[in-house]
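# Summary of structural features
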Amino acid sequence: MQIKIFTIPIFGGEQINEELNRFLHSKKILQTESHLVSNAEGSFWCFCIRYLAENQMQEQKKKIDYRETLDSISFQRFAMMRDIRKKLAQDEGIPAYAVFTDAELAELAKIENLTPAAMRDVHGIGAAKVEKYGAHFMAQEKK
């Protein structure tokens, strides 16, 4: 994460304002904070922008083709698990990745005998997620 500060005078700050807008359109913005500041020198807006650097944006865009990284049996389990995840997410009104990420599902799909302990061994999956969602995925394994 990177940080950039913009200070724009209330009067005569059009050029800096345009620079701020160009910057905002060209970056993946994570958070912005703004404050109106007044002192003896005048009034101005101060913006603190947190954003991803170019290399961080490229890392995020890399998609993994799980057909290539998983063997055929694991990919079949992965596909079934995605369907389960999608239904759970829809039922709860949350994004699918909030149930399990693709990376977590791929690791789960590699496990032949899915148990609560095995699920907890996957990076990013804790006891709360296993308790909340585990039974749905383990029930599918038995079918």
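Look up: the structure comes first, before these words.
In this report, the structure presented in the accompanying data block is examined. Just so you know, these numbers come straight off a predicted model, no measurement behind them. (Residues numbered from 1 in each chain as written. Predicted model: local features only at pLDDT ≥ 70, side-chain atom pairs only at ≥ 80, totals over all residues. Heavy atoms only, no water.)

A separate point is a nonpolar patch on the surface. The grouping of Ile10, Phe11, Leu36 and Trp45 at the surface amounts to a nonpolar patch, some 450 Å² of accessible area in total. Secondary-structure assignment places Trp45 in strand β3 (residues 42-52). (Patch = residues over 30% accessible without salt bridge, like charges linked within 9 Å, V, L, I, M, F, W, Y side chains within 5 Å. Areas by Shrake-Rupley, 256 points an atom, 1.4 Å probe, with all protein chains shown as cover. Salt bridge = Lys/Arg side-chain N within 4 Å of Asp/Glu carboxyl O. Helix = DSSP H or I, 4+ residues; strand = E, 2+ residues; numbered from the N terminus.)

To continue, consider the packing of aromatic side chains. Applying the stated criterion across every chain yields a total of 7 aromatic pairs. Summarising the aromatic geometry, the rings of Phe75 and Phe78 are spaced 5.9 Å apart at their centres and angled 35 degrees between planes, so their arrangement reads as tilted. Placement of the pair is Phe75 and Phe78 together in helix α4 (residues 72-92), with a separation of 3 residues, close to one helical turn. Aromatic side chains Phe100 and Phe137 sit 5.2 Å apart centroid to centroid with 70 degrees between the ring planes, which places their arrangement in the edge-to-face category. Taken together, the residues span a long stretch of sequence, with Phe100 in the loop between α5 (96-99) and α6 (102-109) and Phe137 in helix α8 (residues 127-142) at a distance of 37 residues. Of the two residues, Phe100 and Phe137, neither departs from the other in class, the shared state being buried. (Phe/Tyr/Trp six-rings, centres within 6.5 Å; stacked < 30°, edge-to-face > 60°. Buried < 20%, exposed > 50% of the residue type's maximum accessible area, 1.4 Å probe, protein only.)

Looking at chain direction, strand β1 (residues 2-9) and β3 are connected through 8 bridges and run antiparallel. When the sheet's bridge partners are listed, Lys4 is paired in β3 with Ile49. Sheet analysis places strand β2 (residues 28-39) next to β3, joined by 11 bridges and oriented antiparallel. Bridge pairing in β3 places Leu36 opposite Trp45. Counting the residues that bridge the hairpin from β2 to β3 gives 2 residues. (Pairing = 2+ DSSP bridges.)

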